[in-house]
Amino acid sequence: MKYRRFGKLDWQVSALGFGCMRLPIIGGKSDNIDEPEATRMIHYAIDHGVNYFDTAYPYHGGNSERVLGRALQGGYREKVRVATKLPCWLVETPADFDRLLNEQLEKLQTDHIDFYLLHGLGKSRWEKMHNLGALDWAEQAIADGRIGHLGFSFHDTYEVFKEIVDAYDWTFCQIQYNYMDVEYQAGTKGLQYAAAKGLAVVIMEPLLGGQLVNPPPQIQALWDTAAKKRTAADWALQWLWNQPEVSVVLSGMSTMQQVEENIASADVSGVGTLTAEELALIERVRARLKELCPIPCTQCAYCMPCPNGVDIPRNLRIYNDGLIYDKVEQARGIYRWLSQDMHAGADACVQCRECEDKCPQSIPISEWLVVVHQVLGEGKPYEACPAPQ
């Protein structure tokens, strides 16, 4: 395992961090984690040098912290640093800070959380946390030993990101970043700005919710032109590790194969390892993918649950896949199952727009769901249904 500097701390973090948002599940139910397999994966990662584990209060219906806490018993907790996040949307009064943190400590079976984040900050949520005294409270939690270091995860514009970075002496931040998101949210400018201020920068969504893993034929054809052969996932990860401002790259892994492959990628990672020709190839892939993918959904599921039962991420993914991979009829078959058998299709949307307030990508979800049903449910051609603006 390769290790990297973590901001201003005298500690080296593994190049690969284990994201606990996509642990293996049973029966397709997110809250039903396959705990024996998840534990096996976690132990394998630690035994092969991974020392940073990231979870959060809502992951897997609240069970991610519990499973991670149990997996780290028997001496594993002392080998790693644990990061989890304050569910800012659940904080209504200052008393909620202690209540939620203490609940997380109990679920994780630990007396301290090494890296604690204010979860999913944007302009309005940051103002709420600031007004409720989150920073003063966190200072007290650091003083009493329950928190090691304070950071934040982020979904908003670069201008808001810069404002938050400048507002406090943070240890670290966590941003969505990959070769498709260089100008999105914090983007490359935010990565470089935070690093220049001494913050460690943790990367989430390095594979854009898995969208960069199995490329369509025209994208794979581009990758195949490279002299050095890599998987699509490895190209995306190496692009991140090539940048000195990146501290650790999180990957939400659902299978042991993914753990093994990502560790192998991390083992050969490093700053400046990609050639000019390889970087130019990634630029060409970025340009082509932008032409192909209509809905920038990362499958984070922050929009869920839908009050009317729509499986929003699944609907958007089916639509994207049908277009990108040119498999419209297959997409329509899957959609019919989702709509008719599971009653979770886009046709159940009543345009309440509750999901849009939660979406980190600011996708006009309700408008897209109309298009999804027109194309996949009513059989209209893609080109006859214009994309929402």
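Located above this text is the structure these notes cover.
Keep in mind that this is a model prediction, so the values were computed, not measured.

Draft legend 1. Inspection of the overall build of the protein at higher detail. Of the regular secondary structure elements, the protein holds 15 helices and 10 strands. Relative to a compact globule of 389 residues, whose C-alpha radius of gyration would be 21 Å, the protein shows 21 Å and is just as compact. Across its three principal directions, the C-alpha atoms of the protein cover 60 × 50 × 45 Å. Put simply, the protein has 389 residues, and 54% of those count as buried. A separation threshold of at least 6 residues defines the contact pool for the protein, and within that pool the share at least 24 residues apart is 74%. Surface summary for the protein: the accessible area is close to 16,500 Å², and the carbon and sulfur share equals 51%. The averaged location of the 50 negative side-chain charges in the protein is 3 Å from the averaged location of its 37 positive side-chain charges.

Draft legend 2. Representation of unusual backbone geometry in the model. Following M304, the chain continues to P305 via a peptide bond in cis, the omega torsion being 0°. Inspection of the secondary structure assignment puts P305 in the loop between α11 (276-292) and α12 (312-324). The phi dihedral of Q299 is positive, around 65°, even though this residue is not glycine. With respect to the helices and strands, the residue Q299 is situated in the loop between α11 and α12.

Draft legend 3. Layout of the packing of aromatic side chains. This model, assessed by the stated rule, comprises 22 aromatic pairs. A centroid spacing of 6.0 Å and a plane angle of 55° characterise the contact between W126 and W170, whose relative ring orientation is tilted. You can see W126 sitting in helix α4 (residues 123-131) and its partner W170 sitting in the loop between α6 (158-166) and β8 (172-176), a full 44 residues away along the chain. Taken as a pair, W126 and W170 share a single burial class, namely buried. An aromatic cluster of three or more residues is present, and its members are W126, F152, F154, F161, Y168 and W170. Looking at K189, its charged tip hangs above the ring of Y158, at a distance of 4.3 Å from the centre.

Draft legend 4. Region of the structure containing the pairing of strand β9 (residues 200-204). Where burial is concerned, most of β9 is hidden: five out of the five residues are buried. Neither face of β9 is open: one carries A200, V202 and M204, the other V201 and I203, and all of them are buried. Summarising the sheet, β8 and β9 pair through five bridges and their orientation is parallel. By the bridge assignment for β9, I175 is matched with I203. In this fold, β8 hands off to helix α7 (residues 187-196), which returns the chain to β9; that crossover is right-handed.

Scoring rules and cut-offs
- Residues numbered from 1 in each chain as written.
- Predicted model: local features only at pLDDT ≥ 70, side-chain atom pairs only at ≥ 80, totals over all residues.
- Heavy atoms only, no water.
- Helix = DSSP H or I, 4+ residues; strand = E, 2+ residues; numbered from the N terminus.
- Rg over C-alpha atoms; globule rule 2.2 N^0.38 Å.
- Buried < 20%, exposed > 50% of the residue type's maximum accessible area, 1.4 Å probe, protein only.
- Contact = heavy atoms within 4.5 Å.
- Areas by Shrake-Rupley, 256 points an atom, 1.4 Å probe, with all protein chains shown as cover.
- Lys, Arg positive; Asp, Glu negative; His and termini not counted.
- Charge placed at Lys NZ, Arg CZ, Asp CG, Glu CD.
- Phe/Tyr/Trp six-rings, centres within 6.5 Å; stacked < 30°, edge-to-face > 60°.
- Lys NZ or Arg CZ within 6 Å of the ring centre and 35° of its normal.
- Pairing = 2+ DSSP bridges.
- Right-handed = clockwise from strand over helix to strand, strands pointing away.

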